[in-house]
Amino acid sequence: MNLNETRKQIDDVDKQIIELLEERMKLVQEVITYKKENNLPVLDNSRENIVLEKTRERVANPIFADSIVATFQDIMKNSRNFQEIELEQ
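Residues numbered from 1 in each chain as written. Predicted model: local features only at pLDDT ≥ 70, side-chain atom pairs only at ≥ 80, totals over all residues. Heavy atoms only, no water.

*Asks:* Honestly, the overall build of the protein chain in this entry has me stumped. Any pointers?
*Replies:* Summing up its helical and strand segments, the protein chain has three helices and zero strands in all. In the protein chain, the succession of helices and strands from N to C terminus is α-α-α. In terms of overall dimensions, the protein chain is more spread out than a globule: its C-alpha atoms have a radius of gyration of 16 Å, far above the 12 Å expected for 89 residues. With respect to the three principal axes, the spread of C-alpha positions in the protein chain is 55 × 25 × 15 Å. Taking all 89 residues of the protein chain together, the buried fraction comes to 17%. (Helix = DSSP H or I, 4+ residues; strand = E, 2+ residues; numbered from the N terminus. Rg over C-alpha atoms; globule rule 2.2 N^0.38 Å. Buried < 20%, exposed > 50% of the residue type's maximum accessible area, 1.4 Å probe, protein only.)

Structure, rendered in structure tokens:
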């Protein structure tokens, strides 16, 4: 095992994650527009529960499931924060 090579691979994956998160946030902007137009609240518990259930089901290696679900919880929390800020404007 070469630590530097492994870290480079992690950096490459991180770059992909960043690109995907930015794409996700662009879609969140569309959700914000819809919620503004329809006077809907930021939080939709049922939607978040469905996302987390799907996330857990999609994790191939069960030893990673709790960490990945927690990561998605953080992603959604930050998405809600962004929505709240944008809806106030």
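*Asks:* Help me understand helix α2 (residues 45–58), please; the structure alone is not making it clear to me.
*Replies:* In an α-helix there are 3.6 residues to a turn, and that puts residues three or four apart on one side. Taking 1.5 Å as the rise per residue, α2 with 14 residues should run 20 Å; its terminal C-alpha atoms sit 20 Å apart, in good agreement. Listed as buried for α2 are E48, V51, L52 and T55. Buried residues along α2 cover an arc of 95 degrees about the axis, so they all sit on one side. Exposed residues lying more than 90 degrees from the buried face of α2 are E53 and E57. Next to the buried residues of α2 lie α3 (65–88). (Expected span 1.5 Å × (residues − 1). Arc of directions from axis to C-beta. Contact = heavy atoms within 4.5 Å.)

*Asks:* I tried to follow α3 on my own but got confused; where do I start?
*Replies:* For α3, built from 24 residues, the straight-helix expectation of 34 Å at 1.5 Å per residue is met to within 8% by its first-to-last C-alpha distance of 35 Å. Against the buried residues of α3 lie α1 (3–38) and α2.

*Asks:* Teacher, can you tell me more about the layout of surface pockets here?
*Replies:* Where empty space is left becomes clear once a probe the size of a water molecule has been rolled over the atoms. Taken as a whole, the largest pocket encloses approximately 510 Å³ of empty space. Lining the largest pocket are 19 residues, and of these R24, V28, R47, V51 and M76 lie nearest its centre. Looking at the lining of the largest pocket, the elements with two or more residues in it are α1, α2 and α3. If you tally residues by element for the lining of the largest pocket, the top one is α2, at six residues. (1 Å grid on protein atoms, 1.4 Å probe; cavity = no way out; pocket = protein on both sides within 12 Å on 5 of 7 lines; lining within 4 Å. Points joined across faces, edges and corners; volume = space filled by probe spheres on them.)

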